[in-house]
Structure formats: C-alpha cells, structure tokens
Amino acid sequence: MSKVRIPKVEVLSEGGGTITDRYGTKVSDFVVEFTYEYDETGEDDKATIKFAIPNHLTHIMDMSSLAIDSAILVRWGYTQSNLSPQRLVSIRDHETSYDQNGITHILKCSDL
C-alpha cells in the first residue's frame, strides 16, 4: 500500500512555536493556499498565506502573532516527508473577506 502525501504548510511564531488560537487549534490547520516566490535579483522573497476560517472563529484574524509587521516562520512540504527549511517572513499586508461559508484571510509577507 502506498502512502498518500498531502501538501502541508506550518505557520510558526518567530521563536518557532506553534501558533494556536485560544481554543488550542493550530492556525496552520486553516491554511488552504500558500505560495513562496524566491527573488534572485536581491529583492525580497514574497509569501502569500491564505486561510479559510469558520465564521465562529473570527478572533483568529485579531491575533497579535498574525498582525501586520509581525515576524513569523513558515515551512512547507508534504506529509510523510521532510518539510522545507524554515523561512522568516514579516507580515506586510492582509486582506479579509466574509461570506456564508466563512472567512477568507490572506497574509502578504516578505522575507527579512
């Protein structure tokens, strides 16, 4: 039987700890889309992290660890395998939209 490898993204505090909400839920569990663009010209690398958050967890968007100008660590890969090295990025901007299915919260980041 082969193992199923699922894409995985971890969003961590600057110190490397897991970021959880007040109920102990990992914010990484809500990541539905992630991009990291390397810039070899000397400009900042860019990262975009998109969260799909249930309507009853609106407090996640107000967490200080996910505020603009906060530094976070990200790493990505697949379950059942090694993840990328951690990348330290700063949250530069965010976009939020609401609908009957929940909240879409997008963090726009660049490396430090």
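These remarks concern the structure in this document. (Residues numbered from 1 in each chain as written. Predicted model: local features only at pLDDT ≥ 70, side-chain atom pairs only at ≥ 80, totals over all residues. Heavy atoms only, no water.)

In this section: the packing of aromatic side chains. One pass over the full model with this rule turns up three aromatic pairs. Judged by centre distance (5.0 Å) and plane angle (65 degrees), the rings of Tyr36 and Tyr38 are edge-to-face. Relative accessible area serves as the criterion here: at 14%, Tyr36 is assigned to the buried category. Grouped by ring-pair contacts, the aromatic residues Phe34, Tyr36, Tyr38 and Trp76 constitute a single cluster. (Phe/Tyr/Trp six-rings, centres within 6.5 Å; stacked < 30°, edge-to-face > 60°. Buried < 20%, exposed > 50% of the residue type's maximum accessible area, 1.4 Å probe, protein only.)

Pairing within the open sheet is antiparallel, and its six strands lie in the order E1-E4-E5-E6-E3-E2. Unpaired on one side and paired on the other, strand E1 (7-13) and strand E2 (31-37) mark the two borders of the sheet. Looking at each pair of strands side by side, their axes are set apart by 30 degrees on average, direction ignored. For strand E3 (residues 46-53) and strand E6 (residues 102-111), the ladder comprises eight bridges, and the chain directions are antiparallel. From the neighbouring strand, Ile53 faces E6, where its bridge partner is Ile103. (Pairing = 2+ DSSP bridges. Helix = DSSP H or I, 4+ residues; strand = E, 2+ residues; numbered from the N terminus. Axes fitted to C-alpha atoms, helices over the stretch in contact; angles between N-to-C directions.)

Within this structure, the stated rule accounts for three salt bridges. Measuring nitrogen to oxygen at the nearest pair gives 3.5 Å for the salt bridge that ties Lys8 to Glu10. The exposure class of Lys8 is partly exposed, given its relative accessible area of 33%. Judged by relative accessible area, Glu10 falls into the buried class, the value being 16%. A salt bridge links Glu10 to Arg75; its shortest N-O distance comes to 2.6 Å. One end of the pair, Glu10, is in strand E1; the other, Arg75, is in strand E4 (residues 71-78), and 65 residues separate them in sequence. (Salt bridge = Lys/Arg side-chain N within 4 Å of Asp/Glu carboxyl O.)

Bringing the pairing of E4 into the picture now. Put simply, side chains in a regular strand alternate between the two faces of the sheet. Of all eight residues in E4, six are buried; the element is thus mostly enclosed. Pairing analysis gives seven bridges linking E1 to E4, with the strands arranged antiparallel. Along E4, the bridge assignment pairs Val9 with Trp76. The pairing of E4 with strand E5 (residues 87-99) spans four bridges and is antiparallel. Residue pairing across strands places Ala71 opposite Ser90, the latter belonging to E5.

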